[in-house]
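Residue strings, one per chain:
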Amino acid sequence: MNEVKVYEKDQKVKIHFKVNGQDVEYETEPRKLLVHALRELGFTGVHIGCDTSNCGACTVIMNGKSVKSCTVLAVEADGSEILTVEGLAKDGKLHPIQEAFWEKHALQCGYCTPGMIMEAYWLLKEKPDPTEEEIREGISGNLCRCTGYQNIVEAVKLASQKLRLGQTPYQRQ
Amino acid sequence: MYPPKIGYVIPDSVTEALEFLEKHDDAKPLAGGHSLIPMLKLRLLRPSYLVEIRRLQELKYLRKDGAQYSIGALSTHYEISKANIPLLSETASKIGDPQVRNMGTIGGSISHLDPSADYPAALIVLDAKVKVVGTKGERVVDFASFAKDMFTPDLNQGELVKEVLINDYSGYKYSYQKLERRAGDFAIVGVAVLLKVDGEEIKDARIGLTAVNTKAVRATEAENVLKDKICEKTIEVASDLAVKYANPTSDIRGTAEYKKKVTKVMTKRAILTALGKR
Amino acid sequence: MSRYIGKRIKRKEDPKLITGQGRYVDDIEFPGTLYLAIVRSPVAHATLKKVDFSDALKLSGVVGVITGLNLRVENRPSNFPMAKTELLYVGQPVAAVVAKDKYTAYDAAELVQIDYDSLPAVTDPEEALKDDVKAVEGKGNVAYRKTYSSGNPEKAISEADVSFEEKLVISRVYPAAMEPRGVISVYQQGFLTVYSSTQSPHYMRRYLLNAFADKVKDIRVIQPDVGGAFGSKLFPYPEDYITVYASLLYERPVKWIATRSEDIRQTYHARGQIHKVKVGAKRDGTLTGIIDDLIIDLGAASHGTYLADIAAQMLPGPYSIRDIKVEVYGVYTNKTPLDQYRGAGRPEATFVIERIMSILADELKMDEIELRKKNLIKSTPYVNPFGVKYDNGDYASLLNKAEQVYREMERKAEKLRSEGRKVGVGFSFYLEMNNFGPWESASVRVRGDGRVLVIIGAAPHGQGTATGIAQIVADELGVDIDNVDVIWGDTSTIGEGYGTYGSRSLTLAGNAALLASRKVKEKAIRLAAQFLKSDPQELEYKDGKVVNPKTGKSMTLKEIAAKSMSVLGGVWRYKEEPGLEGTAYFGLDNLTYPYGSHVALVEVDDTGFVKVLDYYAIDDIGLVVNPMLAEGQVMGGVIQGFGETVLEEVIHDKEGNLLTGTFGDYMIPTAVEAFNIKWEYMEKGKSDAPLPAKGIGEGATIGTPPSVLRAMEKAVGKRLTKLPTLPWDL
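Residues numbered from 1 in each chain as written. Chains lettered and ligands numbered in written order. Predicted model: local features only at pLDDT ≥ 70, side-chain atom pairs only at ≥ 80, totals over all residues. Heavy atoms only, no water.

Identification of chain C as Aldehyde oxidase and xanthine dehydrogenase molybdopterin binding protein from Candidatus Aramenus sulfurataquae is taken from an unreviewed UniProt entry.

As recorded in an unreviewed UniProt entry, chain B goes by Carbon-monoxide dehydrogenase middle subunit and comes from Candidatus Aramenus sulfurataquae.

Of the regular secondary structure elements, chain B holds 11 helices and 14 strands. The C-alpha atoms of chain B give 19 Å as radius of gyration, which agrees with the globular expectation for 278 residues (19 Å, within 12%). Dimensions of chain B along its principal axes, counting C-alpha atoms only, are 60 × 45 × 30 Å. Looking at chain B residue by residue over its 278 residues, the buried ones come to 62%. Contacts in chain B between residues far apart in sequence, at least 24 positions, make up 61% of those at least 6 positions apart. (Helix = DSSP H or I, 4+ residues; strand = E, 2+ residues; numbered from the N terminus. Rg over C-alpha atoms; globule rule 2.2 N^0.38 Å. Buried < 20%, exposed > 50% of the residue type's maximum accessible area, 1.4 Å probe, protein only. Contact = heavy atoms within 4.5 Å.)

The next thing to look at is the sheet that holds strand E2 (residues 46-52) of chain C. To summarise the sheet geometry, strands pair through backbone hydrogen bonds and adopt either a parallel or an antiparallel arrangement. All names here are of chain C. Strand order in this open sheet of 3 strands is E4-E2-E6, and the pairing throughout is antiparallel. Only two strands of the sheet have a single partner each, and these edge strands are strand E4 (86-87) and strand E6 (113-118). Both E2 and E6 contribute to a ladder of 6 bridges, which runs antiparallel. If you follow Thr-47 over to E6, its bridge partner there is Asp-117. (Pairing = 2+ DSSP bridges.)

Here we take up the state of the cysteines. All names here are of chain A. In the structure shown here, the tally under the stated rule is 0 disulfides over all chains. Between Cys-70, a free cysteine, and Cys-58, which holds the nearest cysteine sulfur, the sulfur-to-sulfur gap is 3.6 Å. Owing to a relative accessible area of 4%, Cys-70 belongs among the buried residues under this scheme. Its sulfur unpaired, Cys-109 is 3.7 Å from the next cysteine sulfur, which belongs to Cys-146. (Disulfide = S-S within 2.5 Å.)

Residue and element names in this part refer to chain C. An order of E3-E5-E1-E12-E9-E10-E11 is seen for the 7 strands of this open sheet, with the pairing classed as mixed. Among the strands making up the open sheet, the edge pair consists of strand E3 (62-67) and strand E11 (218-222). Looking at each pair of strands side by side, their axes are set apart by 20° on average, direction ignored. Pairing analysis gives 6 bridges linking strand E9 (residues 182-188) to strand E10 (residues 191-196), with the strands arranged antiparallel. Residue pairing in the sheet places Val-183 in a bridge with Ser-196 of E10. Contacting strand E1 (34-40), E3, strand E5 (93-99) and strand E12 (254-257), helix H3 (residues 102-110) crosses the sheet at an angle of about 25° to E1. (Axes fitted to C-alpha atoms, helices over the stretch in contact; angles between N-to-C directions.)

Any two packed helices are characterised by the angle at which their axes cross and by the distance between the axes. Residue and element names in this part refer to chain C. Packing of helix H11 (residues 368-375) against helix H12 (residues 395-418) brings their axes to within 11 Å, and their N-to-C directions diverge by 170°. In this view, H11 runs roughly antiparallel relative to H12, as classed from their interaxial angle. In contact with Glu-368, Ile-369, Glu-370, Arg-372 and Lys-373 of H11, H12 contributes Leu-399, Asn-400, Glu-403, Tyr-406 and Arg-407. Taken together, the residues of the contact of H11 with H12 sort by class into 3 nonpolar, 1 polar and 6 charged. (Parallel < 35°, antiparallel > 145°, perpendicular 65-115°, else oblique. Nonpolar A, V, L, I, M, F, W, Y, C, P; charged D, E, K, R; others polar.)

Let's shift gears to the interface of chain A and chain C. Taken together, the 46 residues of chain A in the interface contact 53 residues of chain C. Across the interface of chain A and chain C, roughly 4200 Å² is buried in total on both sides, 56% from carbon and sulfur atoms. Counting across the interface, chain A meets chain C through 5 salt bridges. A:Arg39 is the salt-bridge partner of C:Asp27, the closest N and O atoms lying 2.7 Å from each other. On the surface where chain A and chain C come into contact, there are 26 residue pairs in polar contact (both at pLDDT 80 or more). (Buried area = accessible area lost by both parts, 1.4 Å probe. Salt bridge = Lys/Arg side-chain N within 4 Å of Asp/Glu carboxyl O. Polar contact = N/O pair within 3.5 Å; in protein donor to acceptor, adjacent residues only side chain to side chain.)

So, about the pairing of strand E8 (residues 162-173) of chain C. Residue and element names in this part refer to chain C. Counting buried positions along E8 yields 9 of 12 residues, so the element is predominantly enclosed. With 11 bridges joining them, E8 and strand E13 (residues 270-281) adopt antiparallel strand pairing. Considered in E13, the bridge of Arg-172 is made with Arg-271. Here 2 bridges tie E8 to strand E29 (residues 722-723), and the two strands are oriented parallel to one another. Bridge pairing in E29 places Ile-170 opposite Leu-723.

Scanning the model with the defined rule gives 31 aromatic pairs over all chains in all. On the numbers, 5.6 Å between centres and 75° between planes, the contact of C:Tyr148 with C:Phe386 is edge-to-face. On the criterion of sequence distance, the pair formed by C:Tyr148 in strand E7 (residues 142-150) and C:Phe386 in the loop between strand E16 (382-383) and strand E17 (389-390) is long-range, its members being 238 residues apart. A residue is classified by how much of its surface remains accessible, and C:Tyr148, at 12% relative accessible area, is buried. Relative accessible area serves as the criterion here: at 13%, C:Phe386 is assigned to the buried category. Grouped by ring-pair contacts, the aromatic residues C:Phe80, C:Tyr203, C:Tyr207, C:Phe212, C:Phe235, C:Tyr241 and C:Tyr306 constitute a single cluster. The ring of A:Trp102 is capped by C:Lys10, whose NZ or CZ atom sits 4.1 Å from the centre of that ring. (Phe/Tyr/Trp six-rings, centres within 6.5 Å; stacked < 30°, edge-to-face > 60°. Lys NZ or Arg CZ within 6 Å of the ring centre and 35° of its normal.)

This next bit is on the domain arrangement of chain C. All names here are of chain C. When its domains are assigned, chain C resolves into domain 1 (18-119 + 178-229 + 233-266), domain 2 (270-435 + 590-729) and domain 3 (437-586). The straight-line distance from the C-alpha centre of domain 1 to that of domain 3 is 40 Å. Opposite the 16 residues of domain 1 that make contact, domain 3 presents 17 residues. For the pair domain 1 and domain 3, the summed buried surface comes to about 1300 Å²; carbon and sulfur atoms form 46% of the total. Considering only the side of domain 1, the residues that lose the most area to domain 3 are Gln-199, His-202 and Gln-223, jointly responsible for 45% of the buried surface there. Along the contact surface separating domain 1 from domain 3 lie 3 salt bridges. In this structure, Arg-205 and Glu-496 form a salt bridge, with 3.9 Å as the shortest nitrogen-oxygen distance. Inspection of the domain 1/domain 3 interface yields 11 residue pairs in polar contact (both at pLDDT 80 or more). Taken together, the elements giving at least two residues each to the side of domain 1 that touches domain 3 come down to helix H6 (201-212) and E11. Sort the elements by how many residues they give to the side of domain 1 that touches domain 3 and H6 lands first, with 5 residues. (Domains from an automatic or database assignment.)

UniProt records the feature "domain: FAD-binding PCMH-type" (unreviewed entry) for residues 1-171 of chain B in the present numbering. Here residues 1-171 of chain B runs as 30% helix and 27% strand, with 47 Å between its end C-alpha atoms. (UniProt positions renumbered as here; feature names shortened; annotations may be inferred.)

It is worth spelling out the interface of chain B and chain A at this point. Facing the 39 residues of chain B at the interface are 43 residues of chain A. Of the roughly 3600 Å² buried between chain B and chain A, counting both surfaces, carbon and sulfur atoms make up 56%. Considering only the surface of chain B that becomes buried against chain A, B:Lys5, B:Tyr8 and B:Gln99 emerge as the three largest contributors, covering 19% of it. For the pair chain B and chain A, the number of links is 6 salt bridges. Per element, the largest residue contribution to the side of chain B that touches chain A is 5 residues, and it comes from helix H5 (residues 98-103) of chain B. Taken together, the residues of the side of chain B that touches chain A break down into 21 nonpolar, 6 polar and 12 charged. The pairing of strand E1 (residues 5-7) of chain A with strand E1 (residues 7-10) of chain B spans 3 bridges and is classified as antiparallel.

Per the UniProt record, the feature "domain: Aldehyde oxidase/xanthine dehydrogenase a/b hammerhead" (unreviewed entry) sits at residues 19-120 of chain C. Regarding residues 19-120 of chain C, the helix share stands at 14% and the strand share at 34%, and the terminal C-alpha atoms are separated by 51 Å.

Turning next to the pattern of salt bridges. According to the stated counting rule, one finds 116 salt bridges over all chains in the structure shown. Where B:Lys131 meets B:Glu163, a salt bridge forms, and the shortest distance between an N and an O atom there is 3.5 Å. Linking B:Lys131 in strand E6 (residues 129-134) with B:Glu163 in strand E10 (residues 159-167), this pair joins segments that are 32 residues apart in sequence. The partner of C:Glu440 in a salt bridge is C:Arg504, and the shortest N-O contact between them spans 2.6 Å. A residue pair is termed long-range when its members are at least 10 positions apart, and C:Glu440 in strand E19 (residues 440-446) and C:Arg504 in the loop between strand E21 (484-488) and helix H14 (505-532) qualify at 64 residues. According to the relative accessible area criterion, C:Glu440 is buried, its value standing at 0%. For C:Arg504, a relative accessible area of 0% puts it in the buried group. A single network of salt bridges, built from pairs that share partners, joins C:Glu354, C:Arg355, C:Asp362, C:Glu368, C:Arg372, C:Glu410, C:Glu414, C:Arg417, C:Arg710, C:Glu713 and C:Lys714.

Dropping the structure here:
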């Protein structure tokens, strides 16, 4: 007979999860947002751009899917595997999506960029050869104010090319 | 931005979840969290506890038994969009944005019943049924009655949506058309159309409207007009009649006048798209 | 043939940003930091009676609550930074909770009770002009009146062959940089270090010192990575002062980061102008007279007259009209105060004059390009009716080039119309003013290892200016761009500066860097003369080396630097001062006046939604240092301009409640609404600077609204006069 685990509002919950392949232990009150937890843990590449789940700057990959980490509680992430932008480059080598963003001038202030890159990561898993329309729809949950999106779309097209030609090992989640 | 203090409950089974929810009348179930957590962040809601049901495998399934789909409450919009369910998959693919679809669930969505939600238009047209589970057992309700009013599902404290049942409408033509101010926004109007076409005639027609009332409605008069030979005139008349079922309010997403006008436009689009004429 | 200037060089700023290693203000943490949550006015207008924070203090983790803080800052509400006697707009700061973490701070903020008596609010600027309901107690609603007048427009209009009147409305918008504002203030016994998401650390240092000079000896302001600004992070904000005050009070680091909802309420809004124009013209298309009543919706305080000044002064645009008058009415309303946003007055001026041109073309049934050609200024420099001196430009060449694109799009539109689609082609030609000075600074320092460090007083925040300036310096010094680092954003590293705003950084800081590099070259020659035992007159600097053409001996910049470092502990026998450094301050005696044209092919469907099918922009900004960066500025600006035209509007209800208070309700374009832009450039209108660039940061938000609105107008066959024009307006 199992006891239902109940955490009171001031009680700390201990969670274990993996971020960018590393095991992490974290203690928090239940209401803490995942984006705050990640940033406290040092993953400041995960950005906060709004408070109504619109902008997508906080996008990370959780258990293989792109999610807005501002709309997930840290406690929900117990036992999960999370990939943030900090986990994309391997041994100093940029991920093809990162290379493509640099190549195509797909960022200006860089604030939306981590979330945009992670969403592109997810999009290209789902649709390895997306059309322009599919790319725009695929990043419709990520707002950018600087670039006008055009170069971001070009970058995703270039990244798709690079990935399909197998230029760099592609991390499987 | 910062949720208020809340307790957190991790049940190991649906039964445990239901028992806790029944005992604590201001506890709320947490599924995908994409209606609940935004409300917590704006402090519009202050539940005593959140009961995490997101990982209860008992509610996570999507299967076809013969001519009926059983969609577990925890099926995400993403999973449903990939399941090739006539009309419903298309509707799911238009909810929110990609990240929202990865987390949001059908059970959560219909338990919340936002008047602008997309599923209800499709569900009333598909004659969907909802299986509700509580501490005292299960019951099955037509979605049309389950959705009593906006934010008012037929759910008692201590009950959860278990699954959504939909008959297989393969062979039917369908379309879900959503008008939104910009991508990812709430619908200004959403129209779900399901048609049984035999040669040049429409034998069965269903039109569901969402976002233009406190809950989704069937435009029955418009449906009746369509059950005829396929022609421009009947489509035009049906689209006009659909407007009668729209009672929108003026807000920053449009004047009531405008919303009625686009109800007609989108109904026409949905019919034409379903018929492959667009 | 330069190696870098004029080329599409990849940005030096990107590696850290694409790997999530940018350091924005909220990424910076100090041990012992206290966090602020600002309690804000829930209403647009009220008498503030009492602020009760006793419950907030009881919460564990709350260190204190600050209320009633008032400092004398010019062009701000009389109670600034905190409301004390009167609440003037939704979002106005009333109190600040100081706590050990952000969650606690916001919990406590909820417990602060504001006691107030509601007062009637005025939100419509035309209503405000009537001066019935007062926006600010004890003050008339007309903050200022100004007249810009030239010639006799009344006479011109009365004698005109054709005349018309029109009311043009440019709604309030919110700049919406992706990173909300934030400040960290760190106090250390008489000195402060302030980190801020700002466009000008030097300017921030000056205005903070103005307020706190009696409490601190100096303030160092550091600009970390900034997530966009567009003009909204330049001028003093209440939270800047509150945060600094709190850190002085508690002698600990204090951090404040805006939530988006707060940012939408308090970050200064923009545009907000109504222009009632009377226009007269000859039958042949010559514009003869304009009278413009300009009402600018200032909000709860007037931040000066410059926005309407610019809109008025640039109203004649690139056209030869001389009889023109603008009557400016600055009015108070119970809304967030108004300040600059990408274009600051020029988008408004261009919108009005270009609307006038298109409407006139319709009234005269004349081709609107021919109409513009008829009125275009024929030679530059040119002093406009209000004394603005336009610099070098070849407007006609650019207009002709844009015309070709326009005709081509018109042909496309015809074909689509024959298929029954509602399409239209819009055109705009704009002349703008930028490179707001007065000057900018740069230091170029060659280190002992040969690496070149450039420090600029500008403060870019996404534009890629550092890359552009590295290109300039690398070309001038003849070194590899990978050996050039550009830093900025710290008041301790360079004497004085102004920052990044008004499309000025590439030109002003770039020229300063160019001149500083030339000083380094001169120094290099003098040092090399010592090392090579030559007469400096015999040496020349070429391709990164100092060369004696007669003897063939040479030293690279790196070798000169290395030799200057000599041996640690040794002596310096040479007659020249070591150190390969140069600092320069560069200013122009005028602003610069780039110009351009936008052409849009647009479709309006049966829901009133606007889809851009084709978009072309062409600019002449003098020398283009990095076409990729300039193009990026245009692409971003066009989508912002598009947002202003069809999607974005700050909306208040009659009581002054903000209806567009979240990113869900204030809608900036997503990738789905956005579209592809083709950009070209000419380099005929060069500026007078040694590096003859002019600046492109704001051009696109200036050229887009009139071209898109015109296209919509032609698509639906109905005159359009408002930004934004929404689907239900069509």
